[in-house]
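A look at the structure
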Amino acid sequence: MARGDQLYVWRQFANLDGVYQHHGIDIGNNEVIHYRKPSEVVEVTSLQIFHRDNPVYVRSYPDGFCFIDDIVISRAYSRLGENEYNLMFNNCEHFATWCKTGVSESQQIKEFIPSIGNIDVFNLFQPMGRALDATNPRQRDKIVKDALDKIKVVWHQLQPQYTQALAEVETWEKVARQALSQNREDLARRALVRKRQAQNEVNRLQKDLEKLATMTEGLIQAK
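To keep things clear, this report deals only with the structure shown in the data block.

This next bit is on the overall build of the chain. Along the chain, the regular secondary structure elements total eight helices and five strands. Each helix and strand of the chain, ordered N terminal to C terminal, gives the series β-β-β-β-α-β-α-α-α-α-α-α-α. Taking all 223 residues of the chain together, the buried fraction comes to 39%. Of the roughly 12,900 Å² of accessible surface on the chain, a fraction of 49% belongs to carbon and sulfur atoms.

Here is the structure:
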């Protein structure tokens, strides 16, 4: 580990080992900047608080661009105190990856819903039982499994639509710029109309995906 490294540890989620990674930026002196749990605020903490006695790993980018260490750390400091955590679009991995590469991305979110299929539903009985006031273990098993299965189906329907809508926003922006460069304001206006329509679709789908993420988190997080 070294200054400017993107660190991560496996943490338990609803008493399940290895369900998600928690990310942060090593700033030296055994300190890390990360979206701290459970405060969900970007903070400086000790390495011990960050790893909670779990093994620490370094995210590597062998074939990709990364800022030099001082810039990575400067970017991390620039967001201290931020309180805009969002599981779907601004989680700890988004933050650390942005500091390191300039791109806010979370690989585990891309794989988030498929990974649910590997969760032992038995471990969800207690929180789901409290939430639904169910007492029959088999009944709780079925409730949880059915809920997660339905979320997965909807997720796989919405995610491609969301990706396509994002691509359309970018495409129509390029079309508008090109039209303006050719003094075709009429075409530029039409392109901007299409861009706004695509952006509205992005916003709608983003809200739906956030709802799915929140529903999933509620299902697998012990209260």
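The next thing to look at is the packing of helix H2 (residues 69-77) against helix H3 (residues 92-101). For the pair H2 and H3, interaxial distance at closest approach is 7 Å and the crossing angle is 140°. Between H2 and H3, the angle falls in the class oblique. In this structure, H2 crosses over H3, and the sense of that crossing is right-handed. Seen from H2, the contacting residues are Asp69, Val72, Arg75 and Ala76; seen from H3, they are Phe95, Trp98, Cys99 and Lys100.

Before going further, it helps to spend a moment on H3. Burial analysis of H3 places nine of its 10 residues in the buried class, which makes it a mostly covered element. Regarding H3, the residues found buried are Cys92, Glu93, His94, Phe95, Ala96, Thr97, Cys99, Lys100 and Thr101. Structurally, the start of H3 carries an N-cap: the backbone nitrogen of Glu93 is 2.8 Å from a side-chain oxygen of Asn91. In the segment just after H3, Gly102 is the residue with positive phi, at about 90°.

Another point: unusual backbone geometry. Omega for the peptide link from Lys37 to Pro38 comes to 5°, which places this bond in the cis form. Position of Pro38 among the secondary structure elements: in the loop between strand S3 (31-36) and strand S4 (41-46). One non-glycine residue, Asn183, lies in positive phi territory at about 60°. Secondary-structure assignment places Asn183 in the loop between helix H7 (137-181) and helix H8 (185-220).

So, on to the packing of aromatic side chains. Following the criterion strictly, the structure yields four aromatic pairs and no others. Pairing Tyr8 with Tyr57 gives two aromatic rings, centres 5.4 Å apart and planes at 25°, and the pair type is stacked. With Tyr8 in strand S1 (residues 6-13) and Tyr57 in strand S5 (residues 57-59), the pair connects residues that are 49 residues apart, well separated along the chain. Residue class for Tyr8 comes out buried when judged on its relative accessible area of 16%. Here Tyr35 and Phe95 contribute two aromatic rings whose centre-to-centre distance is 6.2 Å and whose plane-to-plane angle is 80°, an arrangement assigned as edge-to-face. Highlighted residues: Tyr35 in strand S3 and Phe95 in helix H3, separated in sequence by 60 residues. Given the relative accessible area of 0%, Tyr35 is considered buried.

Restricting attention to buried positions, one finds in H2 the residues Val72, Ile73, Arg75 and Ala76. Buried residues of H2, seen end-on, are gathered within an arc of 160° and therefore sit on one face of the element.

We now examine the nonpolar core. Generally speaking, a soluble globular protein has its nonpolar side chains buried in company with each other. Counting 15 residues, the largest nonpolar core has Ile25, Ile33, Tyr35, Ala76, Phe95 and Cys99 as the members making the most contacts within it. Elements that contribute at least two residues to this core include exactly strand S2 (16-28), S3, H2 and H3. Discounting chain neighbours no more than four positions away, the residues touching Ile25 are Gly4, Asp5, Gln6, Glu31, Val32, Ile33, Val72, Ala76, Ala96 and Cys99. By size, the runner-up hydrophobic cluster in this structure holds 11 residues, among which are Trp155, Ala165, Val169 and Val202.

Scoring rules and cut-offs
Residues numbered from 1 in each chain as written. Predicted model: local features only at pLDDT ≥ 70, side-chain atom pairs only at ≥ 80, totals over all residues. Heavy atoms only, no water. Helix = DSSP H or I, 4+ residues; strand = E, 2+ residues; numbered from the N terminus. Buried < 20%, exposed > 50% of the residue type's maximum accessible area, 1.4 Å probe, protein only. Areas by Shrake-Rupley, 256 points an atom, 1.4 Å probe, with all protein chains shown as cover. Axes fitted to C-alpha atoms, helices over the stretch in contact; angles between N-to-C directions. Parallel < 35°, antiparallel > 145°, perpendicular 65-115°, else oblique. Left-handed = near helix turned anticlockwise from the far one by under 90°. Contact = heavy atoms within 4.5 Å. Polar contact = N/O pair within 3.5 Å; in protein donor to acceptor, adjacent residues only side chain to side chain. Phe/Tyr/Trp six-rings, centres within 6.5 Å; stacked < 30°, edge-to-face > 60°. Arc of directions from axis to C-beta. Core = buried A, V, L, I, M, F, W, Y, C linked by side-chain atoms within 4.5 Å.

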